[in-house]
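Examining the three-dimensional arrangement
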Amino acid sequence: MSHLSDREALAAVRQHHTSMLDRASALSQTLTAAVEAGDASTVYDERGNLIEWCADDLVPHFTAEERLYGLADGVAGAGLLAEALRHDHEAIAALVEELRASDGVRAAAVGQSIVRAFALHADKEDSLLFPAVADDPELGFGAAVEGLEEVVGAA
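Below or above, wherever it landed, is the structure these notes cover.

A look at the pattern of salt bridges
- Under the counting rule described, the total for this entry stands at five salt bridges.
- Between Glu83 and Arg86 there is a salt bridge, and its shortest N-O distance comes to 3.2 Å. Note that Glu83 and Arg86 are positioned in helix 3 (residues 78–100) at a spacing of three residues, about one turn of the helix.
- Residues Lys124 and Asp88 are paired through a salt bridge, measuring 2.9 Å at the closest nitrogen-oxygen approach. One end of the pair, Lys124, is in helix 4 (residues 104–134); the other, Asp88, is in helix 3, and 36 residues separate them in sequence.
- Take Lys124: its relative accessible area is 30%, and that puts it in the partly exposed class.

Focus on the packing of helix 1 (residues 6–37) against helix 4
- One way to put it is that helix 1 packs onto helix 4 with a least axis distance of 9 Å and a crossing angle of 170 degrees. By the criterion of interaxial angle, the relationship of helix 1 to helix 4 is roughly antiparallel.
- Residues of the contact of helix 1 with helix 4, tallied by class, amount to 17 nonpolar, seven polar and five charged.

A few points about the packing of aromatic side chains
- Counted according to the given criterion, the structure contains three aromatic pairs.
- Look at Tyr69 and Phe130: their rings are 6.4 Å apart centre to centre, the planes differ by 45 degrees, and that puts the pair in the tilted class. In this pair, Tyr69 sits in the loop between helix 2 (40–68) and helix 3 while Phe130 sits in helix 4, placing the two residues 61 residues apart along the sequence. A single burial state applies to Tyr69 and to Phe130, both of which are buried.
- In textbook terms, an aromatic cluster arises when at least three aromatic residues are bridged by ring pairs, as seen for Tyr69, Phe130 and Phe141.

With respect to the side chain of Asp6
- Mapping Asp6 onto the fold places it in helix 1.
- No salt bridge is formed by the buried Asp6; its nearest oppositely charged neighbour, Arg7, is found at 6.8 Å.

Brief notes about helix 4
- In this model helix 4 runs 43 Å from its N-terminal to its C-terminal C-alpha over 31 residues, within 8% of the 45 Å that 1.5 Å per residue would give.
- Maximum bend of helix 4: about 40 degrees, positioned at Glu125.

Considerations on the packing of helix 3 against helix 4
- With their axes 9 Å apart at the nearest point, helix 3 and helix 4 run at an angle of 165 degrees to one another. Compared by their axis directions, helix 3 and helix 4 come out roughly antiparallel. Between helix 3 and helix 4 the crossing geometry is left-handed.
- Of the residues belonging to the contact of helix 3 with helix 4, the class tally is 15 nonpolar, four polar and five charged.

What counts, and where the lines are drawn
Starting from 1, residues in each chain are numbered consecutively following that chain's sequence as written. Per-residue local features of the predicted model are confined to residues with pLDDT of at least 70, and side-chain atom pairs are confined, for both listing and counting, to 80 or more; whole-chain, interface and lining totals are unaffected and use all residues. Side-chain measures here rest on the full set of heavy atoms in the structure, leaving out hydrogens and waters. Salt bridges are defined by distance alone: a side-chain nitrogen of Lys or Arg within 4 Å of a carboxyl oxygen of Asp or Glu. Working definition: helices are DSSP H or I runs of at least four residues, strands are E runs of at least two. Numbering for both runs from the N terminus. The buried label goes to any residue with under 20% of its type's maximum accessible area, the exposed label to any with over 50%, and the partly exposed label to all in between, with areas taken from a 1.4 Å probe on protein chains only. Axis definition: a line fitted to C-alpha atoms, over the contacting stretch in the case of helices. Angles run 0 to 180 degrees between N-to-C directions. The cut-offs work like this: below 35 degrees is roughly parallel, past 145 is roughly antiparallel, 65 to 115 is roughly perpendicular, and the gaps in between are oblique. Throughout, the ten residues Ala, Val, Leu, Ile, Met, Phe, Trp, Tyr, Cys and Pro are labelled nonpolar, Asp, Glu, Lys and Arg are labelled charged, and all others, Gly among them, are labelled polar. Stacked, tilted and edge-to-face are the three classes applied to pairs of Phe, Tyr and Trp rings, where Trp contributes its six-membered ring and a pair requires centres within 6.5 Å; stacked means planes under 30 degrees apart, edge-to-face means over 60, and tilted covers the rest. Positive charges come from Lys and Arg, negative ones from Asp and Glu, while His and the chain ends are left out of the count. Between the first and last residue of a helix there are one fewer steps than residues, each counted as 1.5 Å, and that sum is the expected span. Given a residue, its bend is the angle between the two axes fitted to the seven residues that end at it and to the seven that start from it. Helix crossings are classified by the rotation of the near helix relative to the far one: an anticlockwise turn of less than a right angle makes the crossing left-handed, while a clockwise turn makes it right-handed.

The structure is reproduced here in structure tokens:
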């Protein structure tokens, strides 16, 4: 059985973030288009689709990532960044709950906020935290993400 190198794991995480952002953006844009068209039935359905994606994909992704954040304790200064990223997860989860309680224009705005917040969050992980962890071969980033489909996508 071959294992992911730290670099391959980092690339897989980044690619999965890109795929997730593409999907979240598409769902949010479809919701916004339905709101702009004034189609209440479609707004309801598209809001439900975005909520379902958040519940089935985004929140489990956050949970799996937090299992990796412990690796940051082995990198100087990265522990505080990991803690800040946990706070991002909490803020985005709160937006998902707000989306559940929203409709119409407000739902579209909250959906767009989720996408923007997730994009900023993923960029911090992809450019700061995970590269710092992957740069230390003693931490075993590749081994840590192996099998975490929520973090690297399906094989």
